[in-house]
Amino acid sequence: MTLVVQQVILGLLIGGIYVAVAMGFSLVWGILNIVNLAHGALVVVGAYLTWWLFARWRVDPFLSLPVVAVALFAIGYVLQRVLVNRIIRAPLFFTLLLTFGVNLAIVNLLLLLFQPDFRSVTPAYAGSGLGIGGVQVPYLRVGALVVAMLMALAVALLLNRTRTGAAIQAVGADRDAARLVGIDLRHVYALTFAVGAACAGVAGTLISTIQAITPTAGEPYTLQAFVVVVLGGLGRVSATVVGGLLFGLVETLGQTMVPGLGAGWANAIAFAVLVVVLLVRPQGLLGR
């Protein structure tokens with residue numbers, strides 16, 4: 001029973017990471033109708049920026065979150081205005097090609113800057129945790145879950161309680177009608193992509209505290225974000241939260257409770273969950 005409780009807690013904590021990873025991906029897909037294949041690369045950019053601040057100035061990773069978020073917001077805004085906006089109304093295939101090309105460019109730039117070596121962020125409390133009745137709860141993972149939930153709350157408040165959020169949702173609902181009432185589509189497109197990139201940067205910071213990073217580490221996170229969005233359903237922040245936590249549980253319990261499976265089966269479990277959800281409930285658990 002202790003083992004089951006431990007794995008459930010660990011699954012929820014890992015699910016917090018998946019919530020952070022998928023939040024920006026879901027926003028860009030839901031509003032701009034773009035499946036951003038460069039999302040994982042942006043996550044890794046956030047991780048490397050966190051590592052650089054920690055290695056150069058010993059900035060605590062949680063204190064570096066605002067800096068990373070602002071930097072990725074700026075990168076996302078420029079990236080959308082310069083490149084992505086040119087194919088915003090193009091068929092899905094063209095957006096996939098463009099974002100895949102952006103992914104390759106970012107990965108190769110990171111390889112030039114940092115080499116393919118493993119990097120890690122190890123604050124003094126990295127190996128510490130709270131023990132409760134034989135169950136160990138790592139402080140870093142708890143902090144990551146709290147940050148992910150706060151980020152989801154911030155995105156929900158932005159979309160539902162601000163004029164900017166109303167404009168973003170209006171563009172997602174009907175672009176032509178939004179333009180007729182005076183909304184600057186290009187600015188809203190770029191703003192949406194920038195918020196998604198900022199969320200990716202926050203996810204990268206959280207990931208850098210719990211595992212080593214390399215320039216090519218982003219592709220699994222794009223897959224995981226896709227699975228989380230499909231699992232929870234596209235269109236609401238709450239769906240991404242539920243999808244991320246549930247996927248973390250499924251992946252953790254699948255690796256530990258099923259004989260013969262281990263950490264190397266993470267992507268296989270993700271694909272299996274994706275296929276099952278598409279067959280049983282293609283709109284997702286909470287999708288509209």
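Here goes a summary of the coordinates provided. (Residues numbered from 1 in each chain as written. Predicted model: local features only at pLDDT ≥ 70, side-chain atom pairs only at ≥ 80, totals over all residues. Heavy atoms only, no water.)

1. A short note on the overall build of the chain
When helices and strands are tallied, the chain shows 11 helices and two strands. Element order for the chain, N to C, with α for helix and β for strand: α-α-α-α-β-β-α-α-α-α-α-α-α. Computed over its C-alpha atoms, the radius of gyration of the chain comes to 19 Å, within 12% of the 19 Å expected for a compact globule of 288 residues. Each principal axis of the C-alpha distribution contributes one length, and for the chain these read about 60 × 50 × 35 Å. Expressed as a percentage of the 288 residues in the chain, the buried residues total 50%. In the chain, once contacts between residues fewer than 6 apart in sequence are set aside, the share between residues at least 24 apart is 79%. When the 15 basic and 7 acidic side-chain charges of the chain are each reduced to a single mean position, those positions are 6 Å apart. (Helix = DSSP H or I, 4+ residues; strand = E, 2+ residues; numbered from the N terminus. Rg over C-alpha atoms; globule rule 2.2 N^0.38 Å. Buried < 20%, exposed > 50% of the residue type's maximum accessible area, 1.4 Å probe, protein only. Contact = heavy atoms within 4.5 Å. Lys, Arg positive; Asp, Glu negative; His and termini not counted. Charge placed at Lys NZ, Arg CZ, Asp CG, Glu CD.)

2. Remarks on the nonpolar core
In this structure, Met23, Leu32, Val237 and Phe247 are the most contacted members of the largest nonpolar core, which totals 82 residues. Ranked by residues supplied to this core, first place goes to helix 1 (residues 2-32) with 14 residues. (Core = buried A, V, L, I, M, F, W, Y, C linked by side-chain atoms within 4.5 Å.)

3. Observations regarding a nonpolar patch on the surface
Together, Val142, Val146, Leu150, Leu153 and Leu157 make up a nonpolar patch on the protein surface, roughly 410 Å² of accessible area in all. When its relative accessible area of 48% is taken as the criterion, Leu153 is described as partly exposed. (Patch = residues over 30% accessible without salt bridge, like charges linked within 9 Å, V, L, I, M, F, W, Y side chains within 5 Å. Areas by Shrake-Rupley, 256 points an atom, 1.4 Å probe, with all protein chains shown as cover. Salt bridge = Lys/Arg side-chain N within 4 Å of Asp/Glu carboxyl O.)

4. Observations concerning the pattern of salt bridges
Scanning the entire structure with this criterion turns up two salt bridges. Ionic pairing is found between Asp176 and Arg89, a salt bridge with its closest N-O pair at 3.3 Å. Here Arg89 lies in the loop between helix 3 (65-82) and helix 4 (92-114) and Asp176 lies in helix 7 (residues 175-180), a separation of 87 residues in the sequence. Judged by relative accessible area, which is 49%, Arg89 ranks as partly exposed.

5. Focus: the packing of helix 5 (residues 139-161) against helix 10 (residues 237-257)
Their axes nearest at 9 Å, the elements helix 5 and helix 10 cross at an angle of 160°. Relative to helix 10, the element helix 5 is oriented roughly antiparallel. By crossing handedness, the relation of helix 5 to helix 10 is classed as right-handed. Residues Leu145, Met149, Ala152, Val155, Ala156 and Leu159 of helix 5 form the contact with helix 10, whose own contacting residues are Val237, Val241 and Leu245. Each residue belonging to the contact of helix 5 with helix 10 can be placed in one class, and the counts come to nine nonpolar, no polar and no charged. (Axes fitted to C-alpha atoms, helices over the stretch in contact; angles between N-to-C directions. Parallel < 35°, antiparallel > 145°, perpendicular 65-115°, else oblique. Left-handed = near helix turned anticlockwise from the far one by under 90°. Nonpolar A, V, L, I, M, F, W, Y, C, P; charged D, E, K, R; others polar.)

6. Digging into the pairing of strand 1 (residues 129-132)
Alignment of strand 1 against strand 2 (residues 135-138), held across four bridges, turns out to be antiparallel. Across the sheet, Leu130 pairs through a bridge with Val137, a residue of strand 2. (Pairing = 2+ DSSP bridges.)

7. Some remarks on the packing of aromatic side chains
On inspection of all chains with the given rule, the structure shows nine aromatic pairs. Taken together, a centroid distance of 4.9 Å and an interplanar angle of 40° make the contact between Tyr18 and Phe247 tilted. Taken together, the residues Tyr18 in helix 1 and Phe247 in helix 10 connect sequence positions 229 residues apart. The pair formed by Tyr18 and Phe247 is uniform in burial state, with each residue classed as buried. Consider the rings of Phe25 and Trp29, whose centres lie 6.0 Å apart with planes at 75°: the pair is edge-to-face. One end of the pair, Phe25, and the other, Trp29, are both in helix 1, four residues apart, so they sit about a helical turn from each other. No difference in accessibility class separates Phe25 from Trp29, as the two residues are buried. Positioned above the aromatic ring of Phe54 is the side chain of Arg58, whose terminal nitrogen or guanidinium carbon lies 4.1 Å from the ring centre. (Phe/Tyr/Trp six-rings, centres within 6.5 Å; stacked < 30°, edge-to-face > 60°. Lys NZ or Arg CZ within 6 Å of the ring centre and 35° of its normal.)

8. A few points about the environment of Gly233
Summarising the element assignment, Gly233 is placed in the loop between helix 9 (219-232) and helix 10. Distance in space between the C-alpha atoms of Gly233 and His187 is 26 Å, their sequence separation being 46 residues.

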